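# Report on the structure
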Amino acid sequence: MIFFQILALAASLEFGALQGSSFNYNDRNPDFYQFHDIALYTTLKADAIYKGFYIGGWMENYFTPESLTNYIPFQMDFTFEAGYKNNAFQIGFEHTCYHPMQPYATIIGNEIKPRYEGGYNKIFMRFSN
């Protein structure tokens, strides 16, 4: 059972607000972001580390409030990462993908905004002191 004594698990939950119209693609609640120019977000992250090797990822959701108890999501981003790191060196792989979402998008007159989705794969080496 020494493996489980050395395996490190980490998780975090983040909630916040972003200012800037580039995050406000949702037109279902124009009154809110017209005056406040913000979008809300949550990030859920989890990682497992064993002797410098790591695997993990996170999910990030962007949304605007329709009321105090109703919120409208408009974007979901997913990231997977794996690699090795020590104090001065890191080598890794990262895949991130972006997915727009719009509740009730099948109703006539509603459409998904933004009209793009995509992603990238990144292989990297990082040196730090």
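Up top is the structure these notes are about.
Since the model is a prediction, treat every value here as computed from it, not as a measurement. (Residues numbered from 1 in each chain as written. Predicted model: local features only at pLDDT ≥ 70, side-chain atom pairs only at ≥ 80, totals over all residues. Heavy atoms only, no water.)

### Some details on the side chain of Glu 81
Spelled out, the test is: Helix and strand assignments come from DSSP, with helices taken as H or I runs of at least 4 residues and strands as E runs of at least 2, each series counted from the N terminus. The rule is simple: take the accessible area with a 1.4 Å probe, protein chains only, and divide by the maximum for that residue type; under 20% is buried, over 50% is exposed, in between is partly exposed. Asp and Glu count as negative and Lys and Arg as positive, but His and the ends of the chain are not part of the count. Salt bridges are identified by distance alone: a Lys or Arg side-chain nitrogen within 4 Å of an Asp or Glu carboxyl oxygen. Only heavy atoms enter the contact rule, under which two residues are in contact if any of them lie within 4.5 Å.
Structurally, the position occupied by Glu 81 is in strand β4 (residues 71-85). As a buried residue without a salt bridge, Glu 81 has its nearest oppositely charged side chain in Lys 45, at a separation of 4.2 Å. Apart from residues no more than four positions distant in its own chain, Glu 81 is found in contact with Lys 45, Asp 47, Tyr 54, Ile 55, Gly 56, Gly 57, Trp 58, Phe 93 and Glu 94.

### Remarks on the environment of Gln 75
Stated formally: Each polar contact in these results corresponds to two N or O atoms within 3.5 Å; when the atoms are within protein, one needs to be able to donate a hydrogen and the other to accept it, and residues that are neighboring in sequence are counted only if both atoms are side-chain atoms.
With respect to the helices and strands, the residue Gln 75 is situated in strand β4. Judged by relative accessible area, which is 5%, Gln 75 ranks as buried. Spatially, the C-alpha atom of Gln 75 lies 9.4 Å from that of Glu 117, the residues being 42 residues apart in sequence. Here the side chain of Gln 75 touches Asp 77 through a polar contact of 3.1 Å, side chain to side chain.

### Thoughts on the sheet that holds strand β2 (residues 38-50)
For the record, the criterion: Two strands pair under a simple rule: DSSP has to find at least two bridges between them. Only C-alpha atoms enter the line fits that serve as axes; for helices the fit covers just the stretch in contact. Angles between N-to-C directions range over 0 to 180 degrees.
Pairing within the open sheet is antiparallel, and its 6 strands lie in the order β1-β2-β3-β4-β5-β6. Of all the strands in the sheet, just β1 (8-19) and β6 (118-127) have a single pairing partner and so form its edges. When the angles between neighbouring strand axes are averaged without regard to direction, this sheet yields 15°. Inspection of the sheet shows β1 paired to β2 by 12 bridges, in the antiparallel sense.

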